[in-house]
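Examination of the molecular architecture
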Amino acid sequence: METPQEATIRMQRLVGKVAFLLTFIYIMILISGAARLVSGVETNPVVWGLFLLPAAAFVPAMIDAVKLHRTSDPDSLKPLWRHCALYTVIGLVLLIATAYSIIAVNGS
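Keep in mind that what you see is a predicted model, and the values were worked out from it rather than measured. (Residues numbered from 1 in each chain as written. Predicted model: local features only at pLDDT ≥ 70, side-chain atom pairs only at ≥ 80, totals over all residues. Heavy atoms only, no water.)

A few words now on the overall build of the protein chain. Assigned secondary structure in the protein chain consists of four helices and zero strands. A globule of 108 residues ought to have a C-alpha radius of gyration of about 13 Å, yet the protein chain, at 17 Å, is considerably larger. Principal axes of the C-alpha set define a box for the protein chain whose edges measure 55 × 20 × 20 Å. Here the protein chain, with 108 residues, has 27% of them falling under the buried criterion. With an accessible surface of roughly 7000 Å², the protein chain has 70% of that area assigned to carbon and sulfur atoms. Each charge class in the protein chain can be summarised by its mean position, and for the 8 positive and 6 negative side chains these summaries are 2 Å apart. (Helix = DSSP H or I, 4+ residues; strand = E, 2+ residues; numbered from the N terminus. Rg over C-alpha atoms; globule rule 2.2 N^0.38 Å. Buried < 20%, exposed > 50% of the residue type's maximum accessible area, 1.4 Å probe, protein only. Areas by Shrake-Rupley, 256 points an atom, 1.4 Å probe, with all protein chains shown as cover. Lys, Arg positive; Asp, Glu negative; His and termini not counted. Charge placed at Lys NZ, Arg CZ, Asp CG, Glu CD.)

Structural data, given as C-alpha cells:
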C-alpha cells in the first residue's frame, strides 16, 4: 500500500506529465505551421510571432517538469510542481488565445 507521501509525490509528478503532454501538442502545432509555410500557403507574418508566444510559458514548465521527475525530496517538489502547474496553465491559455487570434488574423 502506498503511503500518503508517495501518493503526494505521484500526484505532483502527474502535473509534470501534463506539462509534457501539452508541450508536445504545442510542438505538433508548430510543426504543422512550418509545414503550411513550406507548402507555400500565404501566411501573415504576425502569425509567426503569435505562434512563438506560448513558448514563453512552456519552456519554463518543461524545465520544472524535468526537475520534478529527477528529484524525490518533498521539500524541493513543493515549489516545483506549483511553478510547473502555473506555467502549464499559462501556456495553455496562451495557446488557446493564439489559436483564436490566428483565426481572426487569417480571416477564416
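Next comes the rest of the description.
Further remarks concern the pattern of salt bridges. Going through the model one piece at a time under the given rule, you end up with one salt bridge. Taking the shortest distance from any N to any O, the salt bridge between R10 and E2 comes out at 3.1 Å. (Salt bridge = Lys/Arg side-chain N within 4 Å of Asp/Glu carboxyl O.)

Another aspect to go through is the packing of helix α1 (residues 4-38) against helix α2 (residues 45-52). It is the contact of α1 with α2, at a shortest axis distance of 11 Å, that shows an interaxial angle of 160 degrees. As summarised for this structure, α1 and α2 are arranged roughly antiparallel, according to the angle between their axes. The interaxial crossing formed by α1 with α2 has left-handed handedness. Here Y26, I29, L30, G33, A34 and L37 of α1 lie close against α2, whose contacting residues are W48, F51 and L52. Looking at side-chain class alone, the contact of α1 with α2 contains eight nonpolar, one polar and no charged residues. (Axes fitted to C-alpha atoms, helices over the stretch in contact; angles between N-to-C directions. Parallel < 35°, antiparallel > 145°, perpendicular 65-115°, else oblique. Left-handed = near helix turned anticlockwise from the far one by under 90°. Contact = heavy atoms within 4.5 Å. Nonpolar A, V, L, I, M, F, W, Y, C, P; charged D, E, K, R; others polar.)

On to α1, then. Relative to the 51 Å expected for 35 residues at 1.5 Å per residue, α1 spans 51 Å between its end C-alpha atoms, a close match to the ideal helical length. Looking at the residues trailing α1, positive phi occurs at G40, about 95 degrees. (Expected span 1.5 Å × (residues − 1).)

Membership of the largest hydrophobic core is limited to nine residues, which are I9, V15, A19, A61, A65, L68, L77, L80 and C84. Of all the elements in the fold, those that place two or more residues in this core are α1, α3 (55-70) and α4 (74-106). Residues in contact with L80, not counting those within four places in the same chain, are D64, K67, L68 and T71. (Core = buried A, V, L, I, M, F, W, Y, C linked by side-chain atoms within 4.5 Å.)

Along the chain, the position of L94 falls in helix α4. Sequence separation between L94 and L50 is 44 residues; the distance between their C-alpha atoms is 9.1 Å. Apart from residues no more than four positions distant in its own chain, L94 is found in contact with L53, P54 and A57.

Take T98: it is sitting in helix α4. Using a relative accessible area of 4% as the deciding quantity, one classes T98 as buried. From its side chain, T98 meets the backbone oxygen of L94 in a polar contact 2.6 Å long. Look past the residues within four positions of T98 in its chain and what remains in contact with it is L50, F51, L53 and P54. (Polar contact = N/O pair within 3.5 Å; in protein donor to acceptor, adjacent residues only side chain to side chain.)

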